[in-house]
Amino acid sequence: MTWTAGLTRLPGIATVRAYRREWLRPDVIAGLVLTALLIPAGMGYAEAAGLPAYAGLYATIVPLLAYAVVGPSKILVLGPDSSLAPLIAAAVLPLALTDDPESALALAGILGVLVGLILLVGGFLRLGFVTELLSKPIRLGYLNAIALIVVVGQLPKLLGFSVDAPNLIGEIGEIGRAVFQGDIDPVAAAVGIGSLVVILGFRMWVPRIPGVLVAVVGAMIVSAAAGLTDVIGMVGALPAGLPLPSFGGVDWGDVGSLVGPAAGIALIAFADTGVLSRTFAARHGENVNGSTEMKAVGVANIAGGIFGGFPISASGSRTPVAEQSGARTQLACVVGALAVLAFVLLAPGVTAYLPDATLGAVVIVAAMALVDVKGLVRMWRMSTVEFLLAAAAFLGVALVGVLQGILVAIGSSFVAVVARAWQPYRTELVETSDRPGFHDIERHPDGHRIPGLVIARFDAPLFFANGEIFDGYVRSVVAAAPDPVLWVIVAAEPITGLDTTAVDELVDLDTYLDGNGIRLVFAEMKGPIKDKLIRFGVGDRFGSSHFYPTVESAVSAFRARS
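The shown structure was predicted, so the numbers you read here are calculated from the model rather than taken from an experiment.

## Focus: the nonpolar core
The biggest cluster of nonpolar side chains holds 109 residues, and the ones touching the most others in it are M43, L57, L78, I88, L111, Y142 and F310. Counting 33 residues, the second-largest nonpolar core is a separate cluster that includes V477, A481, A502 and L533.

This is the structure:
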């Protein structure tokens, strides 16, 4: 009974139970329209990840069907994605046997299972918050770097030659050398550039017609009619039959080597999925639980990894297509998955006429959508520090490596957070003649101090790195006061944290002030911070007479006593 009740709570089952007849037609139409993008995009991203093109179809079919059952979002489209392709290639290709696509595919499947397990466990532990480690500057720099890596990686395929370089700089140099030496294949380049023009042309002037589908079908027709299959590189026919689990040749050492990359890919995959999920749910007046979403993406990755796929996430290009085509529920994705499956089973030989150059054009256009130069310029104008974080993420990902670059960028973010807390804004508060209350002297230089009183504000938690700075600042304000100081009021509302080192600094400050006949009191200090003072053993030193609910009440007490 409990097991049956659990099944009925699955989002897909709940949708079926409440399904409306009027949703069927738009769902089916949206699924068929979606298929036009699922096939070329899946194959293109698989090749961008260094895997056989057909793996992209397996990584499309199985995750879509799995997510339709367990996924909380009704129209989210999962599948291979350009932001994950370089990470997958960086994790898998160094371990794969040379010239053995099956070895790389088996490793990619293991990687998908590991990513899924990490997400599944994270969902049960409610760890969705970890995606906040990828702040906006990091994501901006990361996505622009990914776009550069993908575009550069597909240029040789677009122009009909190949390069072998250990990093992005080397790859750019090899491409430049090949171009100047005339290694470009004119037929492949014509097909690739022509496909690129068709895709971009339809996107600009006829956006309702999927230019990707037109370019792919057109290229296959031209290849068949002109007999290009022996002239330029082709994707090749798909393997016959359904995908089956195959992890041959993978040992436990390989699995251990993939755990680290899997954690990084899981973080990126869920960050992308979480943003898209929340965005599209909000548009339809729905709410998506982050932990449930994390578990659903985990299940989809496990299913895809077992059945011939690789790590996947939500697609920022295919999900809007599903929405714009009228998708109402998960049935649209089911229709798309079944249509791709029918293509695999009924027409596996068609892709023998699909040029590699056309597939390269598909991936390049998709990667170009990740470029956000305006965002970088806007960030430069808003915050130099955050722009530098974005630049660090970009350079780290582009030059050091995708996973390493992300870790460098996250580390830089932590350093920036500590730096802001280490040297926070601090000021003295004064009275003004035109408004009540007490105000920042830096913003109100016409304000006046109350004789015998210093009101100081420190806009950060107090901890080991800034406790001494706080102590020094208060002492400097007291020393610079024009009149002998009798009281120091700390406007403590911005102080949201306290550690033992900072408590020692407070005690030292109080001892110093008391030795000079000055009383130290706190206004608007939060209850949890007071509790910490008691727990750290200085509650007797700072008794109730040292605390006031507002700055105004503390000033009134000073005036009454003096």
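That covers the picture; the talk isn't over yet.
## Focus: the side chain of Q330
Counting through the fold element by element, Q330 comes out in the loop between helix 13 (318–324) and helix 14 (331–346). A relative accessible area of 5% means that Q330 is categorised as buried. Only 3.1 Å separates the side chain of Q330 from the side chain of T15, close enough to count as a polar contact. In this structure Q330 touches P11, G12, T15, A68, G71, S73 and K74, once residues within four positions along its chain are discounted.

## Quick notes on the packing of helix 7 (residues 136–159) against helix 17 (residues 384–400)
The N-to-C vectors of helix 7 and helix 17 enclose an angle of 35 degrees; their axes lie 7 Å apart at closest approach. Note on packing geometry: the crossing formed by helix 7 with helix 17 is right-handed. In this structure, helix 7 uses P137, I138, G141, Y142, N144, A145, I146, L148 and I149 to contact helix 17, whose residues at the interface are E386, L389, A390, A393, F394, V397 and A398. Taken together, the residues that form the contact of helix 7 with helix 17 break down as 13 nonpolar, two polar and one charged.

## What to know about the packing of aromatic side chains
Scanning the entire structure with this criterion turns up nine aromatic pairs. Consider the rings of F458 and F470, whose centres lie 5.2 Å apart with planes at 75 degrees: the pair is edge-to-face. Of this pair, F458 sits in strand 5 (residues 453–458) while F470 sits in helix 19 (residues 467–480); the two residues are twelve residues apart in sequence, bridging distant segments of the chain. You'll find F458 and F470 in the same group, each marked buried. Three or more aromatic residues link up through ring pairs in this structure, and these residues are W487, Y548 and F558. The positively charged end of R535 is found above the aromatic ring belonging to F536, 5.8 Å away from the centroid.

The rules behind each value
- Residues numbered from 1 in each chain as written.
- Predicted model: local features only at pLDDT ≥ 70, side-chain atom pairs only at ≥ 80, totals over all residues.
- Heavy atoms only, no water.
- Core = buried A, V, L, I, M, F, W, Y, C linked by side-chain atoms within 4.5 Å.
- Buried < 20%, exposed > 50% of the residue type's maximum accessible area, 1.4 Å probe, protein only.
- Helix = DSSP H or I, 4+ residues; strand = E, 2+ residues; numbered from the N terminus.
- Polar contact = N/O pair within 3.5 Å; in protein donor to acceptor, adjacent residues only side chain to side chain.
- Contact = heavy atoms within 4.5 Å.
- Axes fitted to C-alpha atoms, helices over the stretch in contact; angles between N-to-C directions.
- Left-handed = near helix turned anticlockwise from the far one by under 90°.
- Nonpolar A, V, L, I, M, F, W, Y, C, P; charged D, E, K, R; others polar.
- Phe/Tyr/Trp six-rings, centres within 6.5 Å; stacked < 30°, edge-to-face > 60°.
- Lys NZ or Arg CZ within 6 Å of the ring centre and 35° of its normal.

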